[in-house]
Amino acid sequence: MTLQFLIAPDFSPERFAGWHMLNTTLQRRSGIHLHLVTPASAHEQLEVLAAGQTDLVYANPFDAVDMIRTQGYQPFARPAKRFDEMVIATAMTSGIHAIEDLKPGCRIALTENRDVKLIGLRLLEPADVTEAQVVWSTVDSYQAAARKALKGEVDAAFFLADAYASFSKMTRSQLHVLVESAIHDISHVLLAHPRMAADLPVIEKAFLELGQMPGDTEVLEALGLVDGFEAMDQEQAEFMIDLMDTLLD
């Protein structure tokens, strides 16, 4: 038996090897064969999920809401001490020094990561700029968003904070952070399809024990999740969903 393990397409490229290391470790610990699926975009992820063959998902919080509420996926773990914060940044040379300097009609680059956009719209409120007043430029990656900002093709860009922190020192030296969120209650989530209920305890144990065996530190560092994973139950997931509903209002 092989389980399909899908990873949300919003991790930094340098984490790619880390996910494969994790997949190998999980298979060895659980005795269950896992096929790692790494869609290149949110659109490709939707296509994979629509096929109905995905058993495990490392989902961003926005996608997790729909998967839990309408598709019956069960939350069972999340990264420990790792929340999904986001950054709005601009080029050092843009002349924009504060979030209030962004005006209606401003151009903003972003990926298809809907949770980042959701939080970013809240952070734009001091500028008195609504979603309809922004000229959005959708790109495939955070690296592409940074390039657009640095070339002056947009006034600012939305980034997942972890992705921004992973940029090279040279790239970050050319960008200016206007604001960074500090919500602390929204994170990626590990979800299991209902059909794998019998195998879930073994998989969950393998995730939660990461960090306790030789070699685990290397895997977690490669993922950028040095504190490993912690259990997440339905009640905790519902709390996060309620928070995201509040952000949508």
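Fair warning: this is a prediction, and the values are worked out from it, not measured in the lab.

Undergrad: Whenever I open this one, the pairing of strand β10 (residues 189-192) confuses me. Can you help?
TA: Within a regular beta strand, the side chains point alternately toward one face of the sheet and then the other, so they alternate between its two faces. Neither face of β10 is left uncovered, since the one carrying V189 and L191 and the one carrying L190 and A192 both have all their residues buried. Where strand β3 (residues 56-59) and β10 come together, four bridges link them in antiparallel fashion. Opposite V57, over in β10, you have L191 as the bridge partner.

Undergrad: Please clarify how the packing of aromatic side chains should be interpreted in this entry.
TA: Throughout the structure, instances matching the rule amount to eleven aromatic pairs. Relative to F159, the ring of Y142 has its centre 6.4 Å away and its plane inclined at 45 degrees; by these criteria the two rings are tilted. Within this pair, whereas Y142 is found in helix α5 (residues 142-150), its partner F159 is found in strand β8 (residues 156-160), the two being separated by 17 residues in sequence. Summarising the burial analysis for this pair, Y142 and F159 share the class buried. By the ring-pair criterion, three or more aromatic residues cluster together here, those being F5, F76, F207 and F229.

Undergrad: I'm lost on the environment of T130 in this one. Help?
TA: On the secondary structure map, T130 appears in the loop between α4 (114-123) and β7 (135-138). Exposure remark for T130: the relative accessible area of 41% places this residue in the partly exposed category. Residues T130 and P214, spaced 84 residues apart in sequence, show a C-alpha to C-alpha distance of 50 Å.

Undergrad: Sorry if this is basic, but what is going on with helix α1 (residues 16-30) here?
TA: Structural remark: α-helix, 3.6 residues per turn; residues separated by three or four positions point the same way. Between its first and last C-alpha atoms α1 spans 21 Å; for 15 residues at 1.5 Å apiece the expected length is 21 Å, and the two agree. Looking only at α1, the buried set comprises G18, W19, L22, N23, T25, L26, Q27 and S30. Looking at the buried positions of α1, the neighbouring elements they touch are β1 (2-7), β2 (33-37), β3, α8 (200-208) and α9 (216-223).

Undergrad: For this particular structure, what's the right way to read the sheet that holds strand β4 (residues 74-79)?
TA: Either a parallel or an antiparallel arrangement is found when strands of a sheet pair, and the pairing is made through backbone hydrogen bonds. On the basis of which strands lie adjacent, the open sheet formed by six strands has the order β2-β1-β3-β10-β4-β11 and mixed pairing. Two strands bound the open sheet, and with one partner strand each, they are β2 and β11 (229-231). When the angles between neighbouring strand axes are averaged without regard to direction, this sheet yields 25 degrees. This element, α1, spans β1, β2 and β3 of the sheet and lies at about 165 degrees to β2.

Undergrad: Can you help me understand the environment of Q4 in this one?
TA: Its location among the elements puts Q4 in strand β1. Placed 29 residues apart in sequence, Q4 and H33 show a C-alpha to C-alpha distance of 8.8 Å. Once you skip the residues sitting within four places of it in the chain, Q4 turns out to touch H35, V37, Q53, T54, D55 and L56.

Undergrad: Would you mind going over the pattern of salt bridges with me for this structure?
TA: For the structure on display, the rule yields twelve salt bridges. Salt-bridge contacts for R195 lead to D55; the nearest nitrogen and oxygen are separated by 2.8 Å. Of the two residues, R195 sits in the loop between β10 and α8 while D55 sits in the loop between α2 (42-50) and β3, which places them 140 residues apart along the sequence. Overall, R195 belongs to the partly exposed group, its relative accessible area being 42%.

Conventions and cut-offs
- Residues numbered from 1 in each chain as written.
- Predicted model: local features only at pLDDT ≥ 70, side-chain atom pairs only at ≥ 80, totals over all residues.
- Heavy atoms only, no water.
- Buried < 20%, exposed > 50% of the residue type's maximum accessible area, 1.4 Å probe, protein only.
- Helix = DSSP H or I, 4+ residues; strand = E, 2+ residues; numbered from the N terminus.
- Pairing = 2+ DSSP bridges.
- Phe/Tyr/Trp six-rings, centres within 6.5 Å; stacked < 30°, edge-to-face > 60°.
- Expected span 1.5 Å × (residues − 1).
- Contact = heavy atoms within 4.5 Å.
- Axes fitted to C-alpha atoms, helices over the stretch in contact; angles between N-to-C directions.
- Salt bridge = Lys/Arg side-chain N within 4 Å of Asp/Glu carboxyl O.

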